Structure formats: structure tokens, C-alpha cells
Amino acid sequence: MNNYTKFGAMIATSTVVMLGLMYLNTYEWGHVFWSETRFYMAFLMGAAMAAIMLAFMLGMYKNRRANIGIFATSAAVFILALFLVRSQATIGDESWMSAMIPHHSIAILTSERANIDDRRVRELADSIIEAQRREIREMKWLLDDIRANGEATTPAEADARPVPGFGEQD
């Protein structure tokens, strides 16, 4: 395996690992859903990492054309991934909820486990926990309903399949 193949394998492996690491701060495993946004973010980070690591290790990599190709590819992947993350162009109903569930789970984790002493801040954190748990239940219900019955795209369809009220005890 030549140095450039090893470099590519290192960047690919690191990108996959970064995708997995982005889920480690979810509150519980039941809140881990596939997220296109996190997928794009992993490519964004992998592209940046490839350019930075190659810049630091140019002495080890002597092929000028290959180096220019890596820098150019890294820039292109970075720009594309940044566009996809920032525009949310490919994100629809289910993809959005699948990304939001782990995001809400992070809010639960940080709000519940933070060392908060001020009673007002604790009340705020507790209200965030309650809201995020309720919204996660709503999103899971909507994901199941959409998968079973399709999207409710008209007011009549939405009225026929209302989201149940999810209080704290649900």
C-alpha cells in the first residue's frame, strides 16, 4: 500500500469514525436516528482534515499533481458538503425529524446533567427537558404514521390524522 492509499484510507476511516462520534452525546440509544445532516457534516470535517493533514505532512507526500488533486478534491467536497448542510436542500419531512431527534436528545443530556445551581436556570433546564422529550415522542409518532400512511399534505389529511397530545407522562 503506497503512502497516498494509506492517506486516503486514513481520511475515509476518520470520516466514518467522526460520523459515529457525532452520536455519542445523545441522551439514549433510542434517540439515535440516521441523519443526512450529520452525514454531510462528517464529509465537511473529513475534507477539512484531509487538507490540513496533507499541508502538515507535505514532506512525506512528494507527488505534486496528487497533492494538488487532494487539495482540490478536499475543497470541492468541503464546498458541496457545506452547501448541503447549510441549504438543507435534500432534507424532507422524515430526514428532518431523524436529524432533530438526536439534536433534541443532546438538549436533554446537557440540560439534565449540567451542574446548575441557580434555581431559575434549573427551572429553564427542566422546561427544556420536558419540551424536548415531548417533541421527540411527537416526531417518533409522526415518523411511524408517515411510514404507515404516507404524508398528510392537505389540511383534510392532517385533520384526519392529528398528532396525539404528548404530555410529560406519555
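Model, not experiment: these values are computed from the prediction. (Residues numbered from 1 in each chain as written. Predicted model: local features only at pLDDT ≥ 70, side-chain atom pairs only at ≥ 80, totals over all residues. Heavy atoms only, no water.)

Draft legend 1. Quick peek at the UniProt feature "domain: DUF305" (unreviewed entry) in the protein. The feature "domain: DUF305" (unreviewed entry), as given by UniProt, occupies residues 93-149 in the numbering adopted here. The span residues 93-149 shows a helical share of 91% and a strand share of 0%, and its end C-alpha atoms are spaced 14 Å apart. (UniProt positions renumbered as here; feature names shortened; annotations may be inferred. Helix = DSSP H or I, 4+ residues; strand = E, 2+ residues; numbered from the N terminus.)

Draft legend 2. Highlighting the environment of glutamate 123. Structurally, the position occupied by glutamate 123 is in helix H5 (residues 119-149). According to the relative accessible area criterion, glutamate 123 is exposed, its value standing at 53%. Glutamate 123 sits 92 residues away from histidine 31 along the chain, and the two C-alpha atoms are 24 Å apart. (Buried < 20%, exposed > 50% of the residue type's maximum accessible area, 1.4 Å probe, protein only.)

Draft legend 3. Representation of the UniProt feature "transmembrane region" (unreviewed entry) in the protein within the structure. The residues that UniProt annotates with the feature "transmembrane region" (unreviewed entry) are residues 7-27, 39-61 and 68-85. For residues 39-61, the end-to-end C-alpha separation is 28 Å, with 78% helix and 0% strand making up the annotated structure. Taken end to end, residues 68-85 comprises 100% helix and 0% strand; its first and last C-alpha atoms sit 25 Å apart.

Draft legend 4. Examining the domain arrangement of the protein more closely. Domain boundaries in the protein define domain 1 (3-87) and domain 2 (93-160). Domain 1 and domain 2 are separated by 29 Å when their C-alpha centres are compared. Contacts between the two partners involve 13 residues from domain 1 and, on the opposite side, 16 residues from domain 2. Together domain 1 and domain 2 conceal approximately 1200 Å² of surface at their shared face, both sides included; 58% is due to carbon and sulfur atoms. Area buried by domain 1 at its contact with domain 2 is led by Tyr27, His31 and Phe33, which between them contribute 55% of it. The tally of links from domain 1 across to domain 2 stands at 0 salt bridges. Our enumeration of links across domain 1 and domain 2 arrives at 7 residue pairs in polar contact (both at pLDDT 80 or more). (Domains from an automatic or database assignment. Contact = heavy atoms within 4.5 Å. Buried area = accessible area lost by both parts, 1.4 Å probe. Salt bridge = Lys/Arg side-chain N within 4 Å of Asp/Glu carboxyl O. Polar contact = N/O pair within 3.5 Å; in protein donor to acceptor, adjacent residues only side chain to side chain.)

Draft legend 5. Broad picture of the packing of helix H2 (residues 36-56) against helix H3 (residues 64-87). Interaxial distance between H2 and H3 falls to 8 Å at its minimum, and their mutual angle equals 155°. When the interaxial angle is binned, H2 and H3 end up roughly antiparallel. Like other packed secondary-structure pairs, H2 and H3 cross with a definite hand, here left-handed. Taken together, the residues of H3 that come into contact with H2 (itself represented by Thr37, Tyr40, Met41, Phe43, Leu44, Ala47, Ala48, Ala50, Ala51, Leu54 and Ala55) are Asn67, Ile70, Phe71, Ser74, Val77, Phe78, Ala81, Leu82, Leu84 and Val85. Residues belonging to the contact of H2 with H3 are distributed by class as follows: 18 nonpolar, 3 polar and no charged. (Axes fitted to C-alpha atoms, helices over the stretch in contact; angles between N-to-C directions. Parallel < 35°, antiparallel > 145°, perpendicular 65-115°, else oblique. Left-handed = near helix turned anticlockwise from the far one by under 90°. Nonpolar A, V, L, I, M, F, W, Y, C, P; charged D, E, K, R; others polar.)

Draft legend 6. Highlighting H2. With 21 residues, H2 should reach 30 Å at 1.5 Å per residue; the first-to-last C-alpha distance of 30 Å fits that figure. Of the residues making up H2, those classed as buried are Glu36, Thr37, Arg38, Tyr40, Ala42, Leu44, Gly46, Ala47, Met49, Ala50 and Leu54. (Expected span 1.5 Å × (residues − 1).)

Draft legend 7. Quick peek at H3. Under the 1.5 Å per step criterion, the end-to-end length of H3 is 34 Å for 24 residues, consistent within 8% with the ideal 34 Å. Listed in full, the buried residues belonging to H3 are Asn67, Ile70, Ser74, Ala81, Leu84 and Val85. Residues of H3 that are buried in the fold lie against helix H1 (3-21) and H2. Taking the backbone nitrogen of arginine 65 as reference, a side-chain oxygen 3.1 Å away marks asparagine 63 as the first, capping residue of H3.

Draft legend 8. Representation of the pattern of salt bridges within the structure. Taken as a whole and judged by the stated rule, the model has 7 salt bridges. A salt bridge links arginine 147 to glutamate 94; its shortest N-O distance comes to 3.3 Å. Of the two residues, arginine 147 is situated in helix H5 and glutamate 94 in helix H4 (residues 93-113); the sequence distance between them amounts to 53 residues. A salt bridge links arginine 134 to glutamate 138, with the shortest nitrogen-to-oxygen separation between them at 3.4 Å. Here the residue arginine 134 and the residue glutamate 138 both occupy positions in helix H5, the gap between them amounting to 4 residues, near one helical turn. Through salt bridges that share partners, Arg134, Glu135 and Glu138 make up one connected network.

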